[in-house]
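# Coordinate inspection notes
Residue-level listing of the chains:
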Amino acid sequence: MFKVVVGHSNDPDSESAISDVINQCREDLQDQQPQAAILFAAPDFEHALILQKVQQAFPDMPLIGGTSDGELSSKEGFQQDSLVLTLFCSDEVAFATGVGHNLSKDPIQVTHQAITSAKSQLNGLPGLCISIPESLTTSGVAVLEGLKKSLGQSVPIVGGTSGDQWQFQGTFQFFGAEVLSDAIPVLLLSDQVVIGHGVSSGWQPTGSRKLVTKVEDNVLYQVGNQSALEFCNSHMASFRPTPEYRLAVYESGDDQWYMRTSNGFCDPSTGSLGFFADIPPNAEVQIIQSNRDEMIDAVRTSIEMAQTTYPGQSPETALFFSCAGRLQTLGTRVKEECEVISSILPSHISYGGFYTYGEITPMKQHGESRFHNETFVTLLLGTR
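What this report covers is the structure whose coordinates are included nearby.

How each quantity is defined
Residues numbered from 1 in each chain as written. Predicted model: local features only at pLDDT ≥ 70, side-chain atom pairs only at ≥ 80, totals over all residues. Heavy atoms only, no water. Helix = DSSP H or I, 4+ residues; strand = E, 2+ residues; numbered from the N terminus. Expected span 1.5 Å × (residues − 1). Buried < 20%, exposed > 50% of the residue type's maximum accessible area, 1.4 Å probe, protein only. Arc of directions from axis to C-beta. Contact = heavy atoms within 4.5 Å. Polar contact = N/O pair within 3.5 Å; in protein donor to acceptor, adjacent residues only side chain to side chain. Lys, Arg positive; Asp, Glu negative; His and termini not counted. Salt bridge = Lys/Arg side-chain N within 4 Å of Asp/Glu carboxyl O. Pairing = 2+ DSSP bridges. Axes fitted to C-alpha atoms, helices over the stretch in contact; angles between N-to-C directions. 1 Å grid on protein atoms, 1.4 Å probe; cavity = no way out; pocket = protein on both sides within 12 Å on 5 of 7 lines; lining within 4 Å. Points joined across faces, edges and corners; volume = space filled by probe spheres on them. Nonpolar A, V, L, I, M, F, W, Y, C, P; charged D, E, K, R; others polar.

For helix α1 (residues 14-29), with 16 residues, the first-to-last C-alpha span of 22 Å sits near the 22 Å given by 1.5 Å per residue. Of all the residues in α1, the buried ones are Ser-14, Ala-17, Ile-18, Val-21, Ile-22, Gln-24, Cys-25 and Leu-29. The arc that holds every buried residue of α1, seen down its axis, measures 160 degrees, which confines them to one face. Buried-residue contacts for α1 involve β1 (2-9), α2 (47-57) and β6 (83-90). With a side-chain oxygen positioned 3.3 Å from the backbone nitrogen of Glu-15, the residue opening α1 is Asp-13. Immediately beyond the C-terminal end of α1, within one or two residues, lies Gln-30, with a positive phi of roughly 55 degrees.

For Arg-260, the position within the fold is in strand β18 (residues 258-267). Of the buried charged residues, Arg-260 lacks a salt bridge, with Glu-251 as the closest side chain of opposite charge at 6.3 Å. Apart from residues no more than four positions distant in its own chain, Arg-260 is found in contact with Val-141, Arg-246, Leu-247, Val-249, Phe-275, Ala-277, Asp-278, Ile-279, Phe-371, His-372 and Asn-373.

Our focus in this paragraph is the sheet that holds β6. Within a beta sheet, neighbouring strands are joined by backbone hydrogen bonds and run either parallel or antiparallel to one another. If you trace the six strands from one edge of the open sheet to the other, you get β1-β6-β2-β3-β10-β11, paired in mixed fashion. Across the chains shown, the open sheet's two edge strands, defined by having one partner strand only, are β1 and β11 (178-180). Within the sheet, the average angular offset between the axes of one strand and its neighbour, ignoring direction, is 15 degrees. Direction of pairing for strand β2 (residues 36-41) relative to β6: antiparallel, over a ladder of six bridges. Within β6, the position partnered with Ala-37 by the bridge is Leu-87. Helix-sheet contacts for α1 involve β1 and β6, and the interaxial angle to β1 is about 150 degrees.

Another aspect to go through is the layout of surface pockets. Estimates place the volume of the largest pocket at around 470 Å³. In terms of lining residues, the largest pocket is bounded by 23 residues, among which Gly-127, Ser-154, Pro-156, Ile-195 and His-366 are the most central. Elements supplying a minimum of two residues to the lining of the largest pocket: β8 (126-131) and β13 (193-200). Here the lining of the largest pocket takes four residues from β13, the largest share from any one element. Residues of the lining of the largest pocket, tallied by class, amount to nine nonpolar, 10 polar and four charged. The calculated volume of the second largest pocket comes to roughly 370 Å³. For the second largest pocket, the lining is made up of 22 residues, of which Ser-135, Phe-275, Phe-276, Ala-277 and Tyr-357 are closest to its centre. Class assignment of the residues belonging to the lining of the second largest pocket gives a composition of nine nonpolar, 10 polar and three charged.

Set out below in structure tokens:
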């Protein structure tokens, strides 16, 4: 048995919102006891109160989560300033959580602490890691590298970094009844779980593909024999270094690409541009373009990819991680992402999700997990 229930409320009062969410979950649980939870919450709620209420309703239940830019679920579709609580029940799949503090000091060591703690509590071998880490104080790429080193390449890692509604002032992570910052909570599911995952952006490469010849973390200085700014200007009639412009990044020897989105930083004296996540040395980059219709179509592509990679007969639930940059670009059309989900998934499948500052998922079946910008990630879960 593997069952998931979701509660979702957009009541602005924290106590009323979590009471509504808990009541929804209890009604759907039908006296079953949840073994784990994920909470997505807008930044302005009283998070400590909410977590206290969850722990009172479901004592000692492992929980992870974080603040979000927007929330979505099978109950309420797309919302902002809301709460989504996803509860997991199973007599086959085991669950365990861990947390690492002061993530920015040493992402590799802190992620190792979180995974080691979770592994020590897990009944069985890990088959999936879900994480909602800090996004503003450290590199999402470094955090993912730490997770991969601790878990090994065979364990898929899926999730998204916490957000704060495009303010970039500070995000929060949840672990049990704790409200944290600069932290990484992780949820491990044992290898009895089966998953399907998909990722798509709707953006398409255009123009020539060239080698990165100078980069420092997330600041790109030179592409080929041109500055980053010259490279972008040579491929676009007018280039403004804002989040409206993106690059496809091809790691060495790989024909698959992931996105990097500019963060607005530009130094005309060096021609350098800043991005929301690291770009590896010796990668190749290419300008990418899209429109809102293609971005909405990417939701369908992501779900269909997850359905193709799902090895069971039918998934029990889905989690979705969509980029806050997509929310900004799609504007009022962002609700169409949930409309596409509802048109594809069977009506009995409950789902939850949130809008992130960076998405984590493998790019292909049995592939290595990557850190993405501006993508829509689908995770289907169930058992054989």
